[in-house]
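# Structural features, examined
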Amino acid sequence: MSLTDGFGRKIDYLRLSVTDRCDFRCIYCMDEAPVFLPRAEVLTLEELQQIAQAFTELGVRKIRLTGGEPLVKSDLVSLVANIAKLPGLDDLCMTTNGSRLTKFAQPLAEAGLMRLNISLDTLDPQRFEATTRNGKLERVLAGIDAAQAAGFKRVKLNAVAIKGNNDDEIVDLVHYAREQGVDITFIEEMPLGVLNTDRRDHSLLTSDEVKAQLETAFNLIGTNENTGGPARYYRMDDSDIRIGFISPHSHNFCGDCNRVRVTTTGELLLCLGNENSVDLRLILRKYPNDIERLKQVIVDAMGAKPEKHHFSTGAETQILRFMSHTGG
Ligand code: SAM
Ligand code: SF4
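First, a word on what this report is: a plain description of the structure on this page. (Residues numbered from 1 in each chain as written. Chains lettered and ligands numbered in written order. Predicted model: local features only at pLDDT ≥ 70, side-chain atom pairs only at ≥ 80, totals over all residues. Heavy atoms only, no water.)

## A look at the packing of aromatic side chains
As enumerated under the stated definition, the model contains 3 aromatic pairs in all. A ring pair is formed by phenylalanine 24 and phenylalanine 128, whose centres lie 5.8 Å apart and whose planes are at 85°; its orientation type is edge-to-face. Of the two residues, phenylalanine 24 is situated in the loop between strand 3 (13–17) and helix 1 (45–57) and phenylalanine 128 in helix 4 (residues 125–132); the sequence distance between them amounts to 104 residues. Look at phenylalanine 24 and you get buried, because its relative accessible area is 5%. Residue class for phenylalanine 128 comes out buried when judged on its relative accessible area of 3%. Relative to phenylalanine 245, the ring of tyrosine 234 has its centre 5.6 Å away and its plane inclined at 80°; by these criteria the two rings are edge-to-face. Of this pair, tyrosine 234 sits in strand 10 (residues 232–236) while phenylalanine 245 sits in strand 11 (residues 239–246); the two residues are 11 residues apart in sequence, bridging distant segments of the chain. Residue tyrosine 234 shares its accessibility class with phenylalanine 245, and that shared class is buried. Joined through ring pairs, the aromatic side chains of Phe186, Tyr234 and Phe245 make up one cluster. When the ring centre of tyrosine 13 is taken as origin, the NZ or CZ atom of lysine 62, which lies over that ring, is 4.4 Å away. (Phe/Tyr/Trp six-rings, centres within 6.5 Å; stacked < 30°, edge-to-face > 60°. Helix = DSSP H or I, 4+ residues; strand = E, 2+ residues; numbered from the N terminus. Buried < 20%, exposed > 50% of the residue type's maximum accessible area, 1.4 Å probe, protein only. Lys NZ or Arg CZ within 6 Å of the ring centre and 35° of its normal.)

## Some details on the site of ligand 2
Around ligand 2 sit Cys22, Phe24, Cys26, Cys29, Met30, Gly68 and Asn97, and that is every residue in its neighbourhood. Classifying every residue of the shell around ligand 2 gives 5 nonpolar, 2 polar and no charged. (Near = heavy atom within 4 Å. Nonpolar A, V, L, I, M, F, W, Y, C, P; charged D, E, K, R; others polar.)

## Comments concerning the nonpolar core
In terms of nonpolar packing, the biggest core is built from 91 residues, with Phe55, Phe186 and Leu214 touching the most fellow members. Not counting residues within four places of it along the chain, the set of residues in contact with phenylalanine 55 comprises Leu3, Leu14, Val60, Val260, Val262, Leu268, Leu280 and Ile298. (Core = buried A, V, L, I, M, F, W, Y, C linked by side-chain atoms within 4.5 Å. Contact = heavy atoms within 4.5 Å.)

## Focus: the pairing of strand 5 (residues 91–96)
Within a regular beta strand, the side chains point alternately toward one face of the sheet and then the other, so they alternate between its two faces. Within strand 5, 6 of the 6 residues are buried, which leaves the element mostly enclosed by the surrounding structure. The alternating pattern of strand 5 places Asp91, Cys93 and Thr95 on one face and Leu92, Met94 and Thr96 on the opposite face, and all of these are buried. One ladder, built from 4 bridges, connects strand 4 (residues 62–66) with strand 5; its direction is parallel. Within strand 5, the position partnered with arginine 64 by the bridge is cysteine 93. Once you follow strand 4 into helix 2 (residues 76–84) and on to strand 5, the crossover reads as right-handed. In the sheet, strand 5 pairs with strand 6 (residues 115–119) via 4 bridges, with the strands oriented parallel. Each bridged residue has a counterpart across the sheet, and for cysteine 93 the counterpart in strand 6 is arginine 115. (Pairing = 2+ DSSP bridges. Right-handed = clockwise from strand over helix to strand, strands pointing away.)

See below:
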């Protein structure tokens, strides 16, 4: 069985948000004092596992666990171990802020997690603390080392590029990635969630601007490599790492979209940039353990996947969900 949407796109990638909670408060992702969901509204580990099972039985080959911060969810390692056992999965990965990897990298590797994306926007400790509103850079750098020591292959860093925040560190971040032997992807900030700031008016740094900066220091060579996500990749002839760009504003990637998201509350979101969704939690709680019914609801939902997102550049918030709820 496979999932195909109304535009003929095959859906084989699920991004599954395991919690809306986080130990950081990144300026582009959350309010300083966010209101987290009541626990009863958040999917349980069993419900998350059933969703993963239903999607893999429907032909999904790649699952990314995200959040919020996945590693603040208790017993996450056991969820990873259970999902890793599902037949048909080629790629099980996680996006994390890295703050708890010194503790969890090894157990996650042993549980069967295959790849890690670690968010890192700056190498300056004060700026890191200001961007995350409390994070400690040294813990994340130690977490990156721990991921490498645990044997994860092709660790990838994610940096949200923001004018006036880290636009003077783009080249330094790539130097760090080269030294570590890890890939790095620069992400354009998306207008998700209403922030108590008008910063987004003037802070968009496009992938083309980031790339132009990098070209002053490195010889970038375009590739057709695809890791199953929305990034476009470049390489350099004097390093093995890849530099990726995720450009929802400047290079719309909807045409070959292969993914859907399930939020912390079990909404099946057919597109990051649209509000339409289907409530899977309702099915899970009304018909416990009825995987076939869950699969049918997912199959039926595919017809509602929109053709593309409608983010415009600039500050305007079109989507009221924060990334931490949606699952980045
Ligand atoms: N807490 C984990 C982390 O930070 O990696 C996983 C969840 S986080 C929401 C996933 C990714 O989304 C991170 O790389 C983060 O930088 C990115 N992100 C959050 N808000 C964003 C926004 N408004 N625009 C673009 N990327 C965003
Ligand atoms: Fe937390 Fe990740 Fe959002 Fe930062 S980007 S607040 S680490 S969920």
